[in-house]
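# Chains, contacts and geometry: an overview
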Amino acid sequence: MKVLHVITDLDVGGAEQQLRLLLRRLPVHCEVLTLTSPGPVAEGIQADGTPVTHLGMTGNRDLTALPRLTRLIRDGGYDLVHTHLYRACVYGRVAARLAGVRAVVATEHSLGDAVIEGRRLTRGVRTLYRATERLGTSTVAVSDTVAARLRRWGVPEQRIHVVPNGIEAHRFGFDPAARALVRTRLGLPLDAFVVGGAGRLVPGKRFDVLVRAVTQLPGVHLLLAGAGPERDMLRRMAEQFGSGDRIHLLGERDGAVDGAAADGPGGFGPDIPGLLSATDVFVSPSPDEAFGLAVLEALASGLHVLYGSCPAVDELPADQAPGARHFGLNVHELATALRELRRQGPGRLPVPPVVRRYDITRSAEALLSVYEQALADTPARRGSPTAVPPRQGRAAALPPASVSLPDPARSPDPTPISNR
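In this report, the structure presented in the accompanying data block is examined. This structure is a prediction, so every number in the text was calculated from the model and none was measured.

Thresholds, definitions, all that
- Think of each chain on its own: its residues are numbered from 1, step by step along the sequence as written.
- Per-residue local features are limited, in this predicted model, to residues with pLDDT of at least 70; the limit for side-chain atom pairs, both in listing and counting, is 80 or more; totals at the level of whole chains, interfaces and linings are taken over all residues.
- Neither water nor hydrogens contribute to the side-chain values; these are computed over all heavy atoms in the structure.
- Whether two strands pair depends on DSSP finding at least two bridges between them.
- Each helix corresponds to a stretch of at least 4 residues labelled H or I by DSSP, and each strand to a stretch of at least 2 residues labelled E; elements are numbered beginning at the N terminus.
- Simply put, an axis is a line fit to the C-alpha atoms, just over the touching stretch for a helix, and the angle between two N-to-C directions goes from 0 to 180 degrees.
- Note on definitions: a residue-residue contact is assigned when non-hydrogen atoms from the two residues lie within 4.5 Å.
- Here the term buried applies to any residue with accessible area under 20% of the maximum for its type, exposed to any over 50%, and partly exposed to those in between, with areas from a 1.4 Å probe on protein chains only.
- Look down the strands so they point away from you; if going from the first strand over the helix to the second traces a clockwise path, that crossover is right-handed.
- Oblique is the label for every angle not falling under 35 degrees (roughly parallel), over 145 degrees (roughly antiparallel), or within 65 to 115 degrees (roughly perpendicular).
- Crossings are classed by handedness, with left-handed meaning an anticlockwise turn of the near helix from the far one by less than a right angle and right-handed meaning a clockwise turn.
- Lys, Arg, Asp and Glu make up the charged group, whereas Ala, Val, Leu, Ile, Met, Phe, Trp, Tyr, Cys and Pro make up the nonpolar group; the residues left over, Gly among them, are polar.
- The working definition used for a salt bridge is a side-chain nitrogen of Lys or Arg within 4 Å of a carboxyl oxygen of Asp or Glu.

### Re the sheet that holds strand β5 (residues 103-108)
Here we have seven strands laid out as an open sheet, ordered β3-β2-β1-β4-β5-β8-β9, and parallel in their pairing. Each edge of the open sheet carries a strand with a single partner, namely β3 (52-54) and β9 (160-162). The sheet shows a mean angle of 25° between the axes of neighbouring strands, taken without regard to direction. Relative to β3, strand β2 (residues 29-34) runs parallel, the two sharing three bridges. From the neighbouring strand, Thr34 faces β3, where its bridge partner is His54. In the packing of helix α6 (residues 144-153) onto the sheet, the strands contacted are β5, β8 (138-141) and β9, and the crossing angle to β9 comes to about 170°.

Dropping the structure here:
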């Protein structure tokens, strides 16, 4: 089986890191194409041995990218195209069908009730998504919560498959040596109470709530990893409340795959596993998540976690994640919870069952099943590889959605790809 993954970009982010982890475990021949910025994750994927192509798309309305993408897919002879993130799903589904690919799978990584990938949902976004979704074979949701949102959008039940995100739990285990090293290099007292956070610094993540809560707790430090347009605002907020020396904005940090400490423009900075080892409690204030990878990683480090939204935890019984607690989007409530944890001296917890449930190897196995079913459901065209039969015991295949597309052979010849 030959699969092309099409993704919007490969900057550091949850969807991008998930793709890299899955590529390491999928027992099929994979290649990757990024529409825009290749970013640091592209370098890691290439180092792992998977080719990455940069399409050089200049913006959301760069329609010249469509014929280039169609031609690349057609020339690659792929059995299946797998798209990731909104822009790649829109362009990738259309191009794959024009190129005559048998099966098109899309993963919906970041669909909230009111936002998609941190951007506000509009009627136009929904309409375009729904129109192009019909061109695919299957849509993968990373949680039952996302699957329910897709159904509300009108995506047929039989086209939705839930394949949860996964992590390499062993990489996030608590490391006392890393705790001491990170605190020393960042100038933190070894006995300080330290709160951790990680994510894109955008309005929807509500890190302003976290920063304001910490400013109300004298002597408490915050380590916040991430980049985004709200960084300067958060810095000003910390200084306004006289807490600039306790709010540490670490910038973009890798670590979901490699785990090596990084030296950024500002000097030493911990990777995510190091940051988690250095902290006493982790806070994820976002009110609208599709899964909650950061929460899982913190639980794998034995941390108490306070979160605003985490389907990965909320969809399971409470005993699966006893160290995780939901809080409302309220500065006072969060400050009170942090103050109480500080008083208790939370210590480290055993790794909870929820972490073992979301192992990345299980996610890769489930995704392979989706691929096999998608190919089994779609008759092979003349000259294409024979359909892959479903594994023994799998439920009967469902018929693919009916679509009408232009004959790829009659489509205008695409322009040569300029950045490969």
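### A closer look at the side chain of Lys205
Here Lys205 lies in the loop between β10 (194-198) and α8 (207-215). Leaving out residues up to four positions away in the same chain, Lys205 has contacts with Arg200, Pro285, Ser286 and Glu289.

### Some words on the pairing of strand β12 (residues 247-251)
Sheet faces and side chains relate simply in a regular strand, where the side chains alternate between the two faces. Counting buried positions over the five residues of β12 gives five, a clear majority of the element. Alternating residues of β12 divide into Ile247, Leu249 and Gly251 and His248 and Leu250, and every residue in both groups is buried. Examined bridge by bridge, strand β11 (residues 221-225) and β12 share four bridges and lie parallel to one another. Residue pairing for β12: Ala225 is matched across the bridge by Gly251. Between the parallel pair β11 and β12, the chain is carried across by helix α9 (residues 231-240), and the sense of this crossover is right-handed.

### Quick word on the packing of α8 against helix α13 (residues 331-344)
Orientation of α8 relative to α13, taken along the N-to-C sense of each, is 55°, at an axis distance of 9 Å. Our classification of the angle between α8 and α13 gives oblique. Note on packing geometry: the crossing formed by α8 with α13 is right-handed. For the pair α8 and α13, the contacting residues are Val209, Leu210, Arg212, Ala213 and Val214 in the first and Val331, Leu334, Ala335 and Leu338 in the second. Considered class by class, the residues forming the contact of α8 with α13 number eight nonpolar, no polar and one charged.

### Comments concerning the pattern of salt bridges
Evaluation of the coordinates by the stated rule reveals twelve salt bridges. Here Glu168 and Arg25 are joined by a salt bridge, their closest N and O atoms 2.4 Å apart. With a gap of 143 residues between them, Glu168 in the loop between β9 and α7 (176-185) and Arg25 in the loop between α1 (14-23) and β2 connect regions that are remote in the sequence. Taking relative accessible area as the criterion, Glu168 reaches 8% and is therefore assigned buried. Residue classification places Arg25 among the partly exposed positions, given a relative accessible area of 26%. In the salt-bridge network here, residues are joined through shared partners; they are Arg20, Arg24 and Asp48.

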